[in-house]
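# Working through the structure, step by step
Below are the chains, spelled out letter by letter.
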Amino acid sequence: MNNENHKILLVDDEADVLEFVGYNLKKEGYNVVTASNGREAIDRAKSEQPSLIIMDVMMPEMDGIEACSEIRSLPGMDDLIILFLTARGEDYSQIAGFDAGGDDYVTKPIRPKVLVSRIKALLRRKNMGRVEEAFNEGVIQLSDLTIDKERYIVIKEGKEIILPRKEFELLQLLTSKPNKVFTRDEIFSSVWGTDVVVGDRTIDVHVRKIREKIGLNSIKTVKGVGYKYEPVI
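Described below are features of the structure shown in this document. (Residues numbered from 1 in each chain as written. Predicted model: local features only at pLDDT ≥ 70, side-chain atom pairs only at ≥ 80, totals over all residues. Heavy atoms only, no water.)

### Concerning the sheet that holds strand β7 (residues 145–148)
Here four strands make up an open sheet; going across it, the order is β6-β7-β8-β9 and the pairing antiparallel. Edge positions in the open sheet fall to β6 (139–142) and β9 (159–161), since each of these has one partner strand only. Taken pair by pair, the neighbouring strands of this sheet meet at an average axis angle of 20 degrees, ignoring direction. As paired elements, β6 and β7 share four bridges and run antiparallel to each other. In the strand pairing of β7, Leu142 is matched with Leu145. Packed on one face of the sheet, helix α6 (residues 165–176) meets β6, β7 and β8 (153–156) and runs near 110 degrees to β7. (Pairing = 2+ DSSP bridges. Helix = DSSP H or I, 4+ residues; strand = E, 2+ residues; numbered from the N terminus. Axes fitted to C-alpha atoms, helices over the stretch in contact; angles between N-to-C directions. Contact = heavy atoms within 4.5 Å.)

Shown next as structure tokens:
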């Protein structure tokens, strides 16, 4: 994961929280911007266009719940991840956070490594959702790689690459569900069909050819099981 591509807006009215959490996020390579209340958070969300917001609930001028609700109503903010990080652990507070449009709710205190893991999981889920949405529309966008199901072509760095049908279908299958391990039986069934008899090394040869033609290192071998596609986030 290239964390430098992700900007995080950290919102809290306590300066020591901004400093401590911000330090740990920057150490992980994230681009961090801050705000000290809900009203400022809305303005910063508009100007900074972050990938993710970490927001306290109880703050002056405007609390985090109301700020989250207003941010969700802004154009282009539907895809933004909002994580509440607060000392309030009551059920009604958590429900209010999710009802306002929050994606996750974490109570303080939390170890920095655990918080970073939560952030990575949320960003990974967001990226996978984008890939699956694009796949359903007929085009898969994978960083510098585009897979056009309609035209049976792959585009890398603006150059069209024509793959044989089985190589294209294998690539399409693996990228349809990022991080899912497809067993060899699943691949044979989906790409070649159950009635077709092929050699044991057929899949390996096709994967090798795809890697050679496209330079796609995101196709990982899971020894003894099959293959998976790991997206670069």
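Picking up where we left off.
### Some points on the pairing of strand β12 (residues 226–229)
Burial along β12 is two-sided: the face carrying Gly226 and Lys228 and the face carrying Tyr227 and Tyr229 are both buried. The sheet contact formed by strand β11 (residues 219–222) and β12 spans four bridges and is antiparallel. If you follow Lys220 over to β12, its bridge partner there is Lys228. Connecting β11 to the next strand, β12, in antiparallel fashion are three residues, including Gly224 with a positive phi near 80 degrees. (Buried < 20%, exposed > 50% of the residue type's maximum accessible area, 1.4 Å probe, protein only.)

### Things to note about the environment of Ile65
The residue Ile65 is located in helix α3 (residues 64–72) in this model. Relative accessible area serves as the criterion here: at 18%, Ile65 is assigned to the buried category. When the C-alpha positions of Ile65 and Gly102 are compared, they lie 8.4 Å apart, and in sequence the two are 37 residues distant. Residues contacting Ile65, with those up to four places away along its chain left out, are Val57, Phe84, Ser93, Ala96, Gly97 and Ala100.

### Overview of the sheet that holds strand β10 (residues 182–183)
Within a beta sheet, neighbouring strands are joined by backbone hydrogen bonds and run either parallel or antiparallel to one another. Pairing is antiparallel across the open sheet formed by three strands, whose spatial order is β10-β12-β11. The open sheet is flanked by β10 and β11, the only strands paired with a single partner. With two bridges connecting them, β10 and β12 associate as antiparallel partners. Residue pairing for β12: Thr183 is matched across the bridge by Gly226. Relative to the sheet, α6 contacts β10, β11 and β12, its axis offset from that of β12 by approximately 65 degrees.

### Quick notes on the pairing of strand β5 (residues 104–107)
Taken together, the four bridges between strand β4 (residues 81–86) and β5 define a ladder with parallel strand orientation. Residue Phe84 lies in a different strand from β5, and its bridge partner there is Tyr105. Handedness of the β-α-β unit built from β4, helix α4 (residues 91–99) and β5 comes out right-handed. (Right-handed = clockwise from strand over helix to strand, strands pointing away.)

### Examining the side chain of Lys228
Relative to the assigned elements, Lys228 resides in strand β12. Here Glu230 takes part through its side chain, which lies 2.9 Å from a polar atom of the side chain of Lys228. If near-sequence neighbours (up to four positions away) are discounted, Lys228 is found in contact with Leu174, Asn179, Lys180, Val181, Ser218, Ile219, Lys220 and Val222. (Polar contact = N/O pair within 3.5 Å; in protein donor to acceptor, adjacent residues only side chain to side chain.)

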